[in-house]
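Here is how the chains run, residue by residue.
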Amino acid sequence: MVNDGNNSAADFLPGTLDLESLRSAAAHCEGCGRYRNATQTVFGEGSPQATFMLVGEVPGDQEDRQGHPFVGPAGRVLDKGLAEAGIPRDDVYVTNAVKHFSFTLRGKRRIHQKPTAAEITACHPWLDAELEVVDPRVIVVLGATAARALLGPAFRVTRSRGEPVPLGDALAVATIHPSAVLRAPDRDAAYAGFLADLQVAARAA
Ligand code: URA
Ligand code: SF4
């Protein structure tokens, strides 16, 4: 198939939906142009029985190299927050709204490129399939890109964070992205707010 980068991940979904079949199919996804630039697809990870599904934006530099979600600096903030909110790591499934890293080069540094609205839409079938298989009770929406993918373009994280909202059979709780904690002028305050939202998610279960 000739790929102009304007298709959808829907063309690559497997016949049977389970995490293993999804992961192997997603490894060959060319549903948008992002696969061209990346090392590999970074699919979600965790228990198919997880109570909590965490949805980030897109893999970063480290995630692209290692092939696992949230293993870089943002992942360390996330892990700390989960531990302090009392959300057990083995009861969590972690994924991203968009599964391929893309970058622009600044010298030798690979600067992460935000996914476009079209790319978020193209990648959405993977996220939908993960939601169907994992069927989480609580969905933690990490930042504006995940919010756009799951709650629509009108949702504002700054306005509605930390408030559980129904999403299918689940409750969604939005918060800021852990990378935003790292970039915040007052990191301690930003982290405290992030943790408070995760505590809401813990209680929502
Ligand atoms: N940021 C994200 O949104 N996801 C990752 O997996 C890593 C960093
Ligand atoms: Fe497929 Fe998503 Fe990667 Fe685009 S970003 S190629 S839709 S997995």
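What comes next is a walk through the structure. Small disclaimer: the values here were computed from a predicted structure and weren't measured. (Residues numbered from 1 in each chain as written. Chains lettered and ligands numbered in written order. Predicted model: local features only at pLDDT ≥ 70, side-chain atom pairs only at ≥ 80, totals over all residues. Heavy atoms only, no water.)

### Remarks on the sheet that holds strand β1 (residues 45-46)
Now for step 1: Spatial ordering of the open sheet is given by β1-β3-β2-β6-β8-β7, a layout of 6 strands whose pairing is mixed. Two strands bound the open sheet, and with one partner strand each, they are β1 and β7 (165-167).
Now for step 2: Summarising the sheet, strand β2 (residues 52-56) and strand β6 (residues 138-142) pair through 4 bridges and their orientation is parallel. Along β6, the bridge assignment pairs Val-55 with Val-141. (Pairing = 2+ DSSP bridges. Helix = DSSP H or I, 4+ residues; strand = E, 2+ residues; numbered from the N terminus.)

### Quick look at the site of ligand 2
Now for step 1: Taken together, Cys-29, Gly-31, Cys-32, Arg-34, Tyr-35, Val-98, Lys-99, His-100, Ala-122, Cys-123 and Trp-126 form the complete shell of residues around ligand 2.
Now for step 2: Among the residues forming the shell around ligand 2, the class breakdown is 7 nonpolar, 2 polar and 2 charged. (Near = heavy atom within 4 Å. Nonpolar A, V, L, I, M, F, W, Y, C, P; charged D, E, K, R; others polar.)

### A look at the site of ligand 1
Now for step 1: With respect to spatial proximity, the complete set of residues near ligand 1 consists of Gly-56, Glu-57, Val-58, Pro-59, Gly-60, Glu-63, Pro-69, Phe-70, Asn-96 and His-177.
Now for step 2: Interatomic distance of 2.8 Å between a backbone N/O atom of Glu-57 and an oxygen atom of ligand 1.
Now for step 3: At a separation of 2.7 Å, a nitrogen atom of ligand 1 approaches a polar side-chain atom of Asn-96.
Now for step 4: Here ligand 1 loses 94% of its free accessible area of 230 Å² to cover by the protein chains. (Polar contact = N/O pair within 3.5 Å; in protein donor to acceptor, adjacent residues only side chain to side chain. Areas by Shrake-Rupley, 256 points an atom, 1.4 Å probe, with all protein chains shown as cover.)

### Regarding the nonpolar core
Now for step 1: Residues Met-53, Val-55, Tyr-93, Trp-126, Ile-139, Val-141 and Leu-150 are the most contacted members of the largest nonpolar core, which totals 33 residues.
Now for step 2: For this core, the elements supplying multiple residues, two or more each, are α1 (19-26), β2, α4 (117-134), β6, α5 (144-151) and β8 (170-175).
Now for step 3: Sort the elements by how many residues they give to this core and α4 lands first, with 7 residues.
Now for step 4: Those residues in contact with Val-141 that lie beyond four places of it in its chain are Val-55, Ala-146, Ala-147, Leu-150, Leu-151, Ala-172, Val-173, Ala-174 and Thr-175. (Core = buried A, V, L, I, M, F, W, Y, C linked by side-chain atoms within 4.5 Å. Buried < 20%, exposed > 50% of the residue type's maximum accessible area, 1.4 Å probe, protein only. Contact = heavy atoms within 4.5 Å.)

### Brief notes about the packing of α1 against α4
Now for step 1: At their nearest, the axes of α1 and α4 sit 10 Å apart, and the two run at 165° to each other. One element, α1, and the other, α4, form an angle in the roughly antiparallel class. Of the two elements, α1 crosses α4, and the hand of that crossing is left-handed. Contacts from Leu-19, Leu-22, Ala-25 and Ala-26 of α1 reach α4 at Trp-126, Ala-129, Glu-130, Val-133 and Val-134.
Now for step 2: Grouping the constituent residues of the contact of α1 with α4 by class yields 8 nonpolar, no polar and 1 charged. (Axes fitted to C-alpha atoms, helices over the stretch in contact; angles between N-to-C directions. Parallel < 35°, antiparallel > 145°, perpendicular 65-115°, else oblique. Left-handed = near helix turned anticlockwise from the far one by under 90°.)

### Considerations on the packing of aromatic side chains
The geometry of an aromatic ring pair is captured by two quantities: the separation of the ring centres and the angle between the planes.
Now for step 1: In total, this model carries 3 aromatic pairs according to the counting rule given.
Now for step 2: Ring geometry for Phe-101 and Phe-103: centres 5.6 Å apart, planes at 20°, overall stacked. Each of the two residues, Phe-101 as well as Phe-103, counts as buried.
Now for step 3: Here the aromatic rings of Tyr-191 and Phe-194 are separated by 6.3 Å at their centres, their planes lie at 50°, and the arrangement is tilted. Of this pair, Tyr-191 and Phe-194 both sit in helix α8 (residues 187-204), 3 residues apart, which is roughly one turn of the helix. (Phe/Tyr/Trp six-rings, centres within 6.5 Å; stacked < 30°, edge-to-face > 60°.)

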